[in-house]
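So you can see what is in the structure, the chains are spelled out below.
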Amino acid sequence: MSPAFVRPLILISAACAVLALPGCAPTAQTIFSPTPTSSTPFSGELTPRPHNAPDVLLLAVSGRCPPNCLAPDDNIDYLTPRGTVQAVVSALEAQGLSVVSYAVAAHLGQHTPRTISQAQVGAGRSVAASQDGFLQLEARLNTAYTDWIRERSNPTRIVLLAHSHGVVWTHALVRAHPEVPIATMIDLDGVCDFWETDNRRQVRAYVSQLGRNPWGFNLSDPCGSVRVGNMRYDLKDVVYPNVAVNLEVQSQRLVGREGGSVITNFPFDGLQNVRSDGSRTGLLMFRSAGETHSSVSRPGSRAFAWVSAQLGSLSASWKGQPVNAAPASVACTSVGGSATLSAATNRPPTC
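A quick note: this is a predicted structure, and the numbers were derived from the prediction, not measured.

Draft legend 1. The arrangement of the sheet that holds strand E2 (residues 99-104) in detail. Read from one edge to the other, the open sheet built from six strands follows the order E2-E1-E3-E4-E8-E12, with strand pairing classed as parallel. With one partner strand each, in any of the chains shown, E2 and strand E12 (283-287) form the two edges of the open sheet. In this sheet, neighbouring strand axes are inclined to one another by 15° on average, regardless of whether the strands run parallel or antiparallel. Sheet topology places strand E4 (residues 182-188) next to strand E8 (residues 243-250); six bridges connect them, and they run parallel. Note on E8: the bridge partner recorded for threonine 184 is valine 245. Of the strands in this sheet, strand E1 (56-61), E2, strand E3 (157-163) and E4 touch helix H2 (residues 84-93), which is tilted by about 160° from E2. Sheet strands in contact with helix H4 (residues 134-149) are E1, E2 and E3, and its direction is about 170° off that of E1.

Draft legend 2. Expanded view of the state of the cysteines. Counted according to the given criterion, the structure contains two disulfides. There is a disulfide in this structure between cysteine 65 and cysteine 69, and the S-S distance comes to 1.8 Å. Taking the torsion about the S-S bond as the criterion, the cysteine 65 to cysteine 69 disulfide, at about 70°, is right-handed. Classification of cysteine 69 by relative accessible area gives buried; the value is 8%. There is a disulfide in this structure between cysteine 192 and cysteine 223, and the S-S distance comes to 2.1 Å. Between cysteine 192 and cysteine 223, the S-S torsion sits near -95°, and that sign places the bridge as left-handed. Of the two residues, cysteine 192 sits in the loop between E4 and helix H6 (195-210) while cysteine 223 sits in the loop between H6 and strand E5 (226-228), which places them 31 residues apart along the sequence.

Draft legend 3. Representation of the packing of aromatic side chains. Evaluation of the coordinates by the stated rule reveals five aromatic pairs. Taken together, a centroid distance of 5.4 Å and an interplanar angle of 15° make the contact between phenylalanine 286 and tryptophan 306 stacked. Placement of phenylalanine 286 in strand E12 and of tryptophan 306 in helix H7 (residues 302-315) is noted, with a sequence separation of 20 residues between them. Each member of the pair, phenylalanine 286 together with tryptophan 306, is buried. The rings of Phe134, Trp169, Trp195, Tyr206 and Trp215 are connected pair by pair, giving a single aromatic cluster. Taking the ring centre of phenylalanine 217 as reference, the NZ or CZ of arginine 175 above it sits at 4.4 Å.

Calculation criteria
Residues numbered from 1 in each chain as written. Predicted model: local features only at pLDDT ≥ 70, side-chain atom pairs only at ≥ 80, totals over all residues. Heavy atoms only, no water. Pairing = 2+ DSSP bridges. Helix = DSSP H or I, 4+ residues; strand = E, 2+ residues; numbered from the N terminus. Axes fitted to C-alpha atoms, helices over the stretch in contact; angles between N-to-C directions. Contact = heavy atoms within 4.5 Å. Disulfide = S-S within 2.5 Å. Buried < 20%, exposed > 50% of the residue type's maximum accessible area, 1.4 Å probe, protein only. Phe/Tyr/Trp six-rings, centres within 6.5 Å; stacked < 30°, edge-to-face > 60°. Lys NZ or Arg CZ within 6 Å of the ring centre and 35° of its normal.

See the structure below:
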């Protein structure tokens, strides 16, 4: 049985009790064809990026709305009001890098949520009435590639940040655009459970309206869809070659203890990421015992402290260095301890 389908019965029962919702009818989607990347042959001459282009573009995707909501239409960008996006920006700016960030909801396109959970956003915080989604995120990536990356002597680096269902969307973005180098991809407890229930019909309706599949793979069916060797993995567990380094966070398993108290947690990511060639080069993973699926996405968590430290170490050498240059070393941390590993020139570290 493949890793993508190993689901203990107790998790299935818990999922049905916690998250099962009636199927959402597909909403009308305005046809939006993502800006195609340039097909002009490379001239052989690199030019500096525009003066107003940042050192780093941070693209972020939040996850699913809480139980009893209507997903995906009630999904919002909560990583911004939680301060998570700013925490990543701050870690990069501490290295002297200029950063532009853009965050979207776990949804195919633009939408207006009807119900917003204040607990998910944070007390006293608000979100925009209209929320962007994957198509708008993809358009930003394409524009950045054309204007700031392609044929540039000092290209902008791309950092991806995602939580929960958002991790499926960022991995889809990477798979759809192998021409775009991704400096770092941050996965905060990615899950595929119920992603297809929430999003499949909208994705299929969009492809049908467009009259073609713009991604080259079946985005409506990401769970258990990627074959690596003899195994099948969820798309969110597979890291493609255009990603230099992947920082993966996993939350507490179903039941654990923290400070003498019993902690229950569902959902959670139970499978370590793998490269599409079966290796784990450049993949760093931290499992945060005692922290839940939600709490690992908050900037005050131990999990996020690990992310900030790793990102700071990785980005310390980015200023003025070529995009394909790997740091001399990188701290590789897990619940079992830590080690500093050497990285060969122009190759990501092996963890």
